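# Geometric and topological summary
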Amino acid sequence: MIRLFNIYYPVRALVLLAGEALVVGLSFLAGMLLVQQLRSPDYGMLRFSNELFIEHGYYKILGVTLVALLFSHWFDLYDIAYVRDRDELHFRLLLVTGFLALGIAGVGKLYPHFMKNSASAPGMVILIIALFGWRTAYAWLVQQPYLRERVFVLGTGERAQRLVQGLRTRPELGIDVVGWTGDLEMAPPRESVASQLMEIAQQRDVHRVILAMPDRRGTIPVQELLTLRLDGVTIEEATSWLEKMSGRIEVEQLYPSWLIFAEGFRFSAGFQILRRLLSLLASAALLVLVLPIIPFVILAIKLDSPGPVLYRQKRVGRGGATFYCYKFRTMRPDAEADSGATWALDDDPRITRAGRFLRISRLDEIPQLWCVLKGDMGFVGPRPERPEFVEWLSREIPYYPVRNVVRPGITGWAQVRYKYGNTLEDAKEKLQYDLFYIKNASFGLDLMILFQTVKIVLLGRGAQ
């Protein structure tokens, strides 16, 4: 741990940030030098004088570097616990470089003189190669002893054991679990836990203590944890780490105080406006793209079975308000005449032949674009549920009403991370993903969900 401005930072975090800044800056510098050399082969190496600095635009490298770091922050590339595997890391890196390229192209179009001699095209090519290479090198660096962080997990039970196993099976996190309460067979009394905690923290030079105790009343060594905190040891809840590693917030043993004091859950007016603009733009663009196929969808529904083309249902939206959600009909008109409100099952016999194709291709969702344009829904958010189910699920699942603090969406974090659900346990799992989205909602996360949704639709995965 390194102390800067009275704040302790893990060495690996500073190495990642500094290394990434150097990679971006040097990539564009190399592109600039390459272009200058090709244009003037006899010029030789450029001299780093103030005149050349201004003339050839080296000062622009700083701006591009800062923008690249901002995009990486948006896509959670500096908290590696959020990145669950190598494929997701590569996907996020491609998003960062893609948006950086779009931003540079946009500035070049609006201010061509400003981007003169910036050599952005070769710089981007070099950056993509260098950035992937740097992340591969960092994955090796972070596993070296001098960059690893020593962690002690304070707690017993299945939840603590699952946390320990998760940390130990992900070496790219740069964390060594030096022990946990289950290994030490600590006695239940608080005094025993406290004394052994201080002993281990001193002997093993612990950087971080993660609290994963199932029953805290009278068992938390408060004074000892405060002493460690004042000595620069980071004290955290297990919920935060489980959230990062799994992409969901577990509702079991979730204390209201964690929801109140945890970072996130920020919905400023500016962010709300930005999300609304993103929803409108995405919906309008998609509506234009699908307009030519809508007549064929209508024809297929009409030829396959009698009944209306559109199907509407009451759904619960933001703040618990109800609205009508529209979809292309995929079931028989009398699908719920005898059973009442029920979830669709796997191989549900009520689904028509045309309806099955529409569900797999997600074309049945097209009319929901109208709900987005009206403002009842967003493009990204928790899926809207029926009032009958909301009332029941709110009684059975803790914190279920929290999902209604944002507009429901056509797609969402739960939709791209979890399969279609038709049971109480599925609803609980999807709520945990929805809570993660609500807590960590950002422009970058919305964009990532949109791109992953496109991938899922093209691969035909996750539909029902």
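Here, the structure is the one placed above.
Residues numbered from 1 in each chain as written. Predicted model: local features only at pLDDT ≥ 70, side-chain atom pairs only at ≥ 80, totals over all residues. Heavy atoms only, no water.

## Details of the sheet that holds strand 3 (residues 149-154)
Reading across the sheet, the four strands line up as 4-3-5-6 and stay open at both edges, with parallel pairing between neighbours. Here the strands that pair on one side only, and so sit at the sheet edges, are strand 4 (175-180) and strand 6 (234-237). Here the average twist between neighbouring strands, direction ignored, is 25 degrees. Judged from the four bridges that link them, strand 5 (residues 208-211) and strand 6 form a sheet pairing that is parallel. The residue of strand 6 that forms the bridge with R208 is T234. Taken strand by strand, helix 6 (residues 158-168) contacts strand 3, strand 4 and strand 5, and its axis lies near 150 degrees from that of strand 4. In the packing of helix 9 (residues 222-230) onto the sheet, contacts are made with strand 3, strand 5 and strand 6, and the angle to strand 6 comes to roughly 130 degrees. (Pairing = 2+ DSSP bridges. Helix = DSSP H or I, 4+ residues; strand = E, 2+ residues; numbered from the N terminus. Axes fitted to C-alpha atoms, helices over the stretch in contact; angles between N-to-C directions. Contact = heavy atoms within 4.5 Å.)

## Some details on the pattern of salt bridges
A full pass over the atoms with the stated rule returns 21 salt bridges. Linking D304 and R353 is a salt bridge whose minimum nitrogen-to-oxygen distance equals 3.1 Å. You can see D304 sitting in helix 13 (residues 294-304) and its partner R353 sitting in helix 14 (residues 353-361), a full 49 residues away along the chain. Relative accessible area serves as the criterion here: at 67%, R353 is assigned to the exposed category. Between R395 and E391 there is a salt bridge, and its shortest N-O distance comes to 3.8 Å. Of this pair, R395 and E391 both sit in helix 16 (residues 387-396), separated by four residues, roughly a single helical turn. An identical accessibility class is assigned to R395 and E391; each is exposed. Taken together, the shared-partner salt bridges connect E88, R92 and R417 into one network. (Salt bridge = Lys/Arg side-chain N within 4 Å of Asp/Glu carboxyl O. Buried < 20%, exposed > 50% of the residue type's maximum accessible area, 1.4 Å probe, protein only.)

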